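What follows is the residue order along each chain.
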Amino acid sequence: MITVQSISNYDKKQTTAITIGTFDGVHIGHRKILERLINDAKKSGLKSTVLTFFPHPRMVLQKDADIKLLNTLDEKVQILEKIGLDCLIIQPFTKDFSRLTATEFVRDLLVNELKAKKIIIGYDHRFGRNRNANITDLMAFGNALGFEVEEIEAQEIDEVSVSSTKIRNALFNGQIKTANKYLGYNYMLTGIVKRGKGIGRQLAFPTANMSIEESYKLIPKNGVYFVNSILKNEVVYGMMNIGFNPTVDGSKKSIEVHYFDFEGDLYNQTVQVNLLERIRDEHKFNSLEELKNQLQKDRATSISLIKN
């Protein structure tokens, strides 16, 4: 997959079959649409292309909206790469871009810049300044400018919407297995390992303290999770705590991972953690000794899950 930053950087030699959207989560509902795009493009000799936007349009147009997304941009690129697309175009979304008329967007960008010959789009898709154009307008543009429009039916779009809502709700409620089922992969958190207070090391449970720079990334419900990561090209299992460390009077939310059977320095490295199962809520214990005893139980529980 070729990833292109901005429509203006696209190689205009190749004609495309395009779908447009934010595709947050790239979940199983999205994947049906993307597979259709890829298959149609192959049959027609076109380049399967996703046009997406970053930042998310609502971040630009609704500054006060507290938007939480399932993927960071890098995570989305990584997931899309595995699907088999030919091209991903990430268009910077700005207020100026939002003011393009429907004609400017379709004629100047989709047709002249991206050489679109087929556009696969939802029945409820709206575009252009003030989102005043719809799929009927797009079909009229297609007749005039020489491209085909394929409509994604209401049922499929509703499935996508329902899946996204269910995934977010599941994550907010700590139902990680439900979220993973709808995603079609394990929910991930990606961050840079920073130095913490060293309390985990005192308890013989050293942790990698993750700093997630993207404030828009959805962090699941506080608690202890069974996780894994790829470290030094191997799958390494562990357990992760999301929360405030109430036993040691933590005042700031943290994300800490204790890996089993791993030796190595992860400081300042980017680590991706896959969440597999939620073990328990976060609790305040009466002493560090009580906390250590619970961590030993959590580790035993997690290790027992590796075999499943």
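Presented here is a report on the structure given in the accompanying data block.

### Brief notes about the sheet that holds strand S9 (residues 223-231)
What the six strands build is a closed barrel, ordered S7-S8-S11-S10-S9-S12; its pairing is antiparallel. Between one strand axis and the next, the sheet turns through 45° on average, direction left out of account. When strand S10 (residues 234-243) meets strand S11 (residues 254-259), the two strands line up antiparallel, connected through six bridges. Looking at S11, one finds that Gly243 is bridged to Ser254.

### Side note on unusual backbone geometry
Residue Pro55 is bonded to the preceding Phe54 through a cis peptide linkage, with omega at 0°. Note on placement: Pro55 falls in the loop between strand S3 (47-54) and helix H2 (57-61). With a phi close to 55°, Lys115 is a non-glycine residue in the positive phi region. Relative to the helices and strands, Lys115 resides in the loop between helix H5 (102-113) and strand S5 (116-122).

### Things to note about the sheet that holds S5
Pairing within the open sheet is parallel, and its six strands lie in the order S1-S4-S3-S2-S5-S6. A strand with exactly one partner marks an edge of an open sheet, and here the two such strands are strand S1 (2-5) and strand S6 (148-152). Shown here is a sheet whose adjacent strand axes are inclined to one another by a mean of 20°, direction ignored. Sheet topology places S1 next to strand S4 (residues 87-92); four bridges connect them, and they run parallel. Counterpart to Val4 in the pairing with S4 is Ile89. This element, helix H1 (residues 28-44), spans strand S2 (16-20), S3, S5 and S6 of the sheet and lies at about 140° to S3.

### Comments concerning the packing of aromatic side chains
Two descriptors summarise a pair of aromatic rings, namely the distance from one centre to the other and the angle between the planes of the rings. Scanning the entire structure with this criterion turns up eight aromatic pairs. A centroid spacing of 5.7 Å and a plane angle of 65° characterise the contact between Phe93 and Phe97, whose relative ring orientation is edge-to-face. Side by side, Phe93 and Phe97 carry an identical accessibility label, which is buried. The interplanar angle of 45° and the centroid separation of 6.1 Å between the aromatic rings of Phe105 and Phe127 together place this pair among those described as tilted. Taken together, the positions of Phe105 in helix H5 and Phe127 in the loop between S5 and helix H6 (135-145) put the pair 22 residues apart, joining distant regions of the chain. Judged by relative accessible area, which is 8%, Phe105 ranks as buried. What links up through ring pairs into an aromatic cluster is the set Phe53, Phe93, Phe97, Phe105 and Phe127.

### Brief notes about the packing of H5 against H6
Contact geometry of H5 with H6 gives a least axis separation of 11 Å together with a crossing angle of 50°. The orientation of H5 with respect to H6, classified from their angle, is oblique. Every pair of crossing elements has a handedness; the one defined by H5 and H6 is right-handed. Judged by residue contacts, Ala102, Thr103, Val106, Arg107 and Val111 of H5 engage Leu138, Phe141 and Leu145 from H6. For the contact of H5 with H6, a count of residues per class yields six nonpolar, one polar and one charged.

### Let's talk about the nonpolar core
Membership of the largest hydrophobic core comes to 54 residues, with the highest contact counts inside it found for Leu171, Tyr187, Leu189, Met240, Tyr259 and Val273. Among all residues touching Leu171, those that are not within four sequence positions of it are Leu70, Ile176, Ala179, Tyr187, Leu218, Pro220 and Lys221.

### What to know about the side chain of Ser98
With respect to the helices and strands, Ser98 occurs in helix H4 (residues 95-98). A polar side-chain atom of Ser98 sits 2.6 Å from the main-chain carbonyl oxygen of Lys95. Among all residues touching Ser98, those that are not within four sequence positions of it are Leu61, Phe93, Gly128, Arg129 and Asn130.

### Things to note about helix H10 (residues 288-306)
Along its 19 residues, H10 runs 27 Å from first to last C-alpha, staying within 8% of the 27 Å computed at 1.5 Å per residue. Among the residues of H10, those classed as buried are Leu291, Gln294, Leu295, Asp298, Ser302 and Leu305. In a view along the axis of H10, the buried residues occupy a sector of 105°, so they form one face of it. Structural note: H10 exposes Glu289 and Lys297 on the side pointing more than 90 degrees away from its buried face. In this fold, the buried residues of H10 make contact with S9, S10 and strand S12 (270-280).

Rules used throughout
- Residues numbered from 1 in each chain as written.
- Predicted model: local features only at pLDDT ≥ 70, side-chain atom pairs only at ≥ 80, totals over all residues.
- Heavy atoms only, no water.
- Pairing = 2+ DSSP bridges.
- Helix = DSSP H or I, 4+ residues; strand = E, 2+ residues; numbered from the N terminus.
- Axes fitted to C-alpha atoms, helices over the stretch in contact; angles between N-to-C directions.
- Contact = heavy atoms within 4.5 Å.
- Phe/Tyr/Trp six-rings, centres within 6.5 Å; stacked < 30°, edge-to-face > 60°.
- Buried < 20%, exposed > 50% of the residue type's maximum accessible area, 1.4 Å probe, protein only.
- Parallel < 35°, antiparallel > 145°, perpendicular 65-115°, else oblique.
- Left-handed = near helix turned anticlockwise from the far one by under 90°.
- Nonpolar A, V, L, I, M, F, W, Y, C, P; charged D, E, K, R; others polar.
- Core = buried A, V, L, I, M, F, W, Y, C linked by side-chain atoms within 4.5 Å.
- Polar contact = N/O pair within 3.5 Å; in protein donor to acceptor, adjacent residues only side chain to side chain.
- Expected span 1.5 Å × (residues − 1).
- Arc of directions from axis to C-beta.

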